[in-house]
Amino acid sequence: MIDLIHVTKRFGDAVAVDDISLSVARGELCVLVGTSGCGKSTTLRMINRLIEHSEGEIHIDDQQIRAFREETLRRRMGYAIQSTGLFPHWTVARNIGLVPRLLKWPKAKIQTRVEELMALLGLAMEEFAGKYPHQLSGGQAQRVGVARALAADPDILLMDEPFGALDPITRENLQDELRELQSRLHKTIVFVTHDMDEALRLADHLVVMHQGRIVQQGRPLELLREPADGFVESLFGGEDRGLKEAALMPVSQRMLPLGPRLLARERIGQHASLREALSVMLWRHAERLTVVDDDDLPVGELSLRRLVGVRSDE
Amino acid sequence: MRPEGPGPNVVLLSLTLVALAAWLGLDTVSVAANRIVTGTGYRVDEVIGASGALATTLPWLALAGFAWRPARRHLWLALVLVVLMLSALPAWLSLSATTLVDGGQARLGIGAGIWVVLFLLLLAIIELRTRLVLPRLLGWALLLPPLASAGFCLSRWLVPLALWQEYRGRSGQFLGAVGEHLLLVGVAVGTSLVLGVVLALAMRRWPGVQKAGFGVLNFLQTIPSIALFGLLLAPLAWLSANVDWLSALGVSGIGWAPALLALVGYSLLPMVRNTFVALEAVNPGVIDAARGMGMSRGQVFRQVRLPLALPVILEGIRITTVQAIGLTAVAALIGAGGLGTFIFQGLGQAAMDLVLLGALPILLLALLVDALLGALTDILRPGGAE
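About the cut-offs
Residues numbered from 1 in each chain as written. Chains lettered and ligands numbered in written order. Predicted model: local features only at pLDDT ≥ 70, side-chain atom pairs only at ≥ 80, totals over all residues. Helix = DSSP H or I, 4+ residues; strand = E, 2+ residues; numbered from the N terminus. Contact = placed C-beta atoms within 7 Å. Buried ≥ 20, exposed ≤ 12 C-beta atoms within 10 Å, placed from the backbone. Pairing = 2+ DSSP bridges. Axes fitted to C-alpha atoms, helices over the stretch in contact; angles between N-to-C directions. Nonpolar A, V, L, I, M, F, W, Y, C, P; charged D, E, K, R; others polar. Core = buried A, V, L, I, M, F, W, Y, C linked by C-beta atoms within 7 Å. Expected span 1.5 Å × (residues − 1). Bend = angle between axes of the 7 residues up to and from the residue. pLDDT = per-residue confidence, 0-100. Parallel < 35°, antiparallel > 145°, perpendicular 65-115°, else oblique. Left-handed = near helix turned anticlockwise from the far one by under 90°. Right-handed = clockwise from strand over helix to strand, strands pointing away.

Draft legend 1. How the structure looks around the overall build of chain A. Summing up its helical and strand segments, chain A has 14 helices and 13 strands in all. Excluding contacts between residues fewer than 6 apart, the proportion of contacts in chain A whose partners are at least 24 apart in sequence is 63%.

Draft legend 2. Summary view of the overall build of chain B. A count of helices and strands for chain B gives 16 helices and 3 strands. With the C-alpha coordinates aligned to their principal axes, the bounding extent of chain B is approximately 75 × 65 × 30 Å. With 386 residues in all, chain B has 34% of them scored as buried.

Draft legend 3. Here's a closer look at the sheet that holds strand β1 (residues 29-32) of chain B. All names here are of chain B. Read across the open sheet, the 3 strands follow the order β2-β1-β3; overall the sheet is antiparallel. Strands at the two margins of the open sheet, each flanked by one partner only, are β2 (40-42) and β3 (107-110). Strand-to-strand twist in this sheet, taken as the mean axis angle between neighbours without regard to direction, amounts to 30°. Pairing between β1 and β2: 3 bridges, direction antiparallel. Within β2, the position partnered with Val31 by the bridge is Thr40.

Draft legend 4. Structural view of the interface of chain B and chain A. Contacts between chain B and chain A engage 18 residues on the former and 18 residues on the latter. Elements with a minimum of two residues in the side of chain B that touches chain A: α13 (284-292) and α14 (297-331) of chain B. Per element, the largest residue contribution to the side of chain B that touches chain A is 6 residues, and it comes from α13 of chain B. When the residues that make up the side of chain B that touches chain A are grouped by side-chain class, the tally is 9 nonpolar, 6 polar and 3 charged.

Draft legend 5. Focus on the pairing of strand β13 (residues 298-303) of chain A. All names here are of chain A. Relative to β13, strand β12 (residues 288-292) is paired through 5 bridges, and the arrangement is antiparallel. When the sheet's bridge partners are listed, Arg288 is paired in β13 with Ser303. Counting the residues between successive antiparallel strands, the hairpin from β12 to β13 contains 5 residues, one of them, Asp296, with a positive phi of roughly 70°.

Draft legend 6. View of the nonpolar core. Within the largest apolar cluster, 127 residues are counted, with the highest numbers of intra-cluster contacts made by Val31, Val190 and Val207 of chain A together with Leu263 of chain B. Ignoring sequence-local partners within four residues, the contact set of Val31 of chain A consists of Phe191, Thr193, Ala199, Leu202, Ala203, Leu206 and Val207 of chain A. The next biggest cluster of nonpolar side chains, apart from the first, holds 35 residues, and it includes Val44, Leu86, Cys153 and Leu158 of chain B.

Draft legend 7. Local environment of the sheet that holds strand β1 (residues 2-11) of chain A. Read from one edge to the other, the open sheet built from 4 strands follows the order β2-β1-β4-β5 (chain A), with strand pairing classed as antiparallel. Edge positions in the sheet fall to β2 (14-24) and β5 (63-64) of chain A, since each has one partner strand and no second.

Draft legend 8. Geometry of helix α10 (residues 225-242) of chain B. Residues and elements named next belong to chain B. The end-to-end C-alpha separation of α10 is 26 Å, in line with the 26 Å expected for 18 residues at 1.5 Å each. The axis of α10 is deflected most strongly, by about 30°, at Leu233, and proline Pro235 appears within four residues downstream. Within α10, burial applies to Leu228, Phe229 and Leu232. The inward-facing, buried residues of α10 contact α12 (256-280).

Draft legend 9. Structural detail: the confidence of the model for chain B. Across chain B, pLDDT averages 83, with 97% of residues at or above 70. α13 of chain B holds the highest mean pLDDT among the elements of chain B, 90, whereas helix α11 (residues 244-249) of chain B holds the lowest, 74.

Draft legend 10. Spatial organisation of the environment of Ser303 of chain A. Residue and element names in this part refer to chain A. For Ser303, the location among the structural elements is in strand β13. For Ser303, a count of 18 C-beta atoms within 10 Å gives the class partly exposed. Separated by 49 residues in the primary sequence, Ser303 and Arg254 have C-alpha atoms spaced 9.0 Å apart. Beyond its immediate chain neighbours, meaning those up to four positions away, Ser303 contacts Glu287 and Arg288.

Draft legend 11. A look at the packing of helix α3 (residues 72-100) of chain B against helix α4 (residues 112-131) of chain B. All names here are of chain B. The N-to-C vectors of α3 and α4 enclose an angle of 155°; their axes lie 10 Å apart at closest approach. The pairing of α3 with α4 is recorded here as roughly antiparallel in orientation. The two elements α3 and α4 meet at a crossing, and its hand is left-handed. Residues Leu75, Ala78, Leu79, Val82, Met85, Leu86 and Leu89 of α3 touch α4, and the partners they reach there are Ile114, Leu118, Leu121, Ala124, Ile125, Leu128 and Arg131. Here the residues of the contact of α3 with α4 are counted per class, giving 13 nonpolar, no polar and 1 charged.

Draft legend 12. Spatial organisation of the packing of helix α1 (residues 10-25) of chain B against α4 of chain B. Residues and elements named next belong to chain B. Taken N-terminus to C-terminus, the directions of α1 and α4 make an angle of 165°; their axes are 9 Å apart at the nearest point. By the angle between their directions, the pair α1 and α4 is classed as roughly antiparallel. Seen from above, α1 lies across α4 with left-handed handedness. Contacts between α1 and α4 involve Val11, Leu12, Leu15, Val18, Ala19, Ala22 and Trp23 from the former and Gly113, Val116, Val117, Leu120, Leu121, Leu123, Ala124 and Glu127 from the latter. Partitioned by chemical class, the residues of the contact of α1 with α4 number 13 nonpolar, 1 polar and 1 charged.

Draft legend 13. Representation of the pairing of strand β7 (residues 156-160) of chain A. Residue and element names in this part refer to chain A. The buried fraction of β7 is high, at 5 of 5 residues. Burial along β7 is two-sided: the residues Ile156, Leu158 and Asp160 and Leu157 and Met159 are all buried. As paired elements, strand β6 (residues 77-80) and β7 share 4 bridges and run parallel to each other. Looking across to β7, one finds that Ala80 is bridged to Met159. Sheet analysis places β7 next to strand β8 (residues 188-193), joined by 5 bridges and oriented parallel. Opposite Leu157, over in β8, you have Ile189 as the bridge partner. As a crossover connection, the stretch from β7 through helix α8 (residues 168-185) into β8 is right-handed.

Right, dumping it as structure tokens:
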């Protein structure tokens, strides 16, 4: 879907992005992560030609991006940045309807689409449609930003630290919502962040960048378990790695079928992460948890030994 | 036990007390035998006696009382009282005129006391309007009763009022002067707006222009206005002598041409600076989003940058216009006409009331333009944002 082939970007003598190659498959959420100045934003902005690349080729659906007019290319992709990107002089509804308006959709269709998107992102039409961005909370503004990016139903979504300015709780909520949204919409998303926890939560495909180069890419668990070098390892936070890994694995992966023993009193949902299970054990001083399904019916059990035990084959 | 309610409104209270002191302590009117001699001042008690003066303190004390306990109802009462007192000022002048002036050449001058009281009462209206959160239009409507009262008194009893005498001697000339003044200001501000926007856009595109442009404009601003008129005299005179169509247009070393040129020169700096800063100061995140969404350069400028910059640009127009209204007064020196004519005539004839006839309307015009453009800026500010 999106292919970067030996792409380099120079600003004068400085090399911002150094010969990177990267493929993002259709429907995949690819996260670029790294410290500030590593070239991740530059990489993202080269995809919609806000920055022109110096060398190499960038393809969308096997077509060079330079084959399109800049504006045409950008209108095909959703673009979401920090909440500051909303137009302060336009209402929420007008902000969301921007790209459909640029594409000259008929008025009624734009109206319907705006209503649809606001519903999708949990923004009550009658409450928010007429509000201006400065009247919104950070989380609400960011939802509007995402709705605006989705407005013309683009296949590709580019997101540049969209949740960067939010408090941790709002931020986690929006991450969950994005995951949930993605499981329904299957967009091809390139997401830039400097926050490794956010990257691990969201990514199908994780790309670690450092000094303009890609140091490692792959599935989050692979990177976590086998970091290519000390830099990647340090990004994963050393001592914290165990918890980060546990956060990526669901309880159902380690639980045992219900045995002859009495059910443990403390319960945990089967979709919860091992990290959450561990937290419940620590908090409740419990060595065993009963695993329940969505209807709160016991489906298995998880012991502390099992939780920390031999890695299951995946 | 302290009764419930907000503490004293210090602003209103001090305005009231200072105004009362001015009312009792300063001359409210002066009477002069003719146009040139200095008048004799009269305090309140010298017009209506000590007991009368004591009676006039009553509304002031009431006002102070309302300010001491500024419940909402009291503030409304205070507002009504202030409007009534403003309306009573012309009546006071009428009373003084009938008591002190006995026909002939004698004239009544407005004393320092009245000016101070007028100024402080207007401040009190602003304060009350803010406290009561009145709409802008109602604030203006509050000035109607005093104006009506002034108009009525002028037509009946205020014939000896010096300012009025000066006006009646030149009523035709006066309207013409106001027209000239506004025309000069309008053309100068209009021209500098067009030039200013073009310059600001050029500066944004070419950084070289920016440096040179601001250098020249800053330099222009430092030349005193009279010197600038003088500097323009020779080249314009030469031009009009040598270029036929220019002299046919009426361009010469003195008159409207140098005045207009100088006014445009002075107006350019605030205009360019505000326009430039306004366009530059638009949040880069917003511009980035606009481009990233697929707006063309023209669309970004027309739909995002310009509307977001507009309130600040209007602010520039406001500052420039108010400044130009004042500067145009000086332009009368080189024969450009306008209200400044009265000021310089008055100075020449040592007739201070004639000076006032020029200066007061200039002041009022500046205030009026300031208020109108300020209101426009507020309207254009989207959703009251930022």
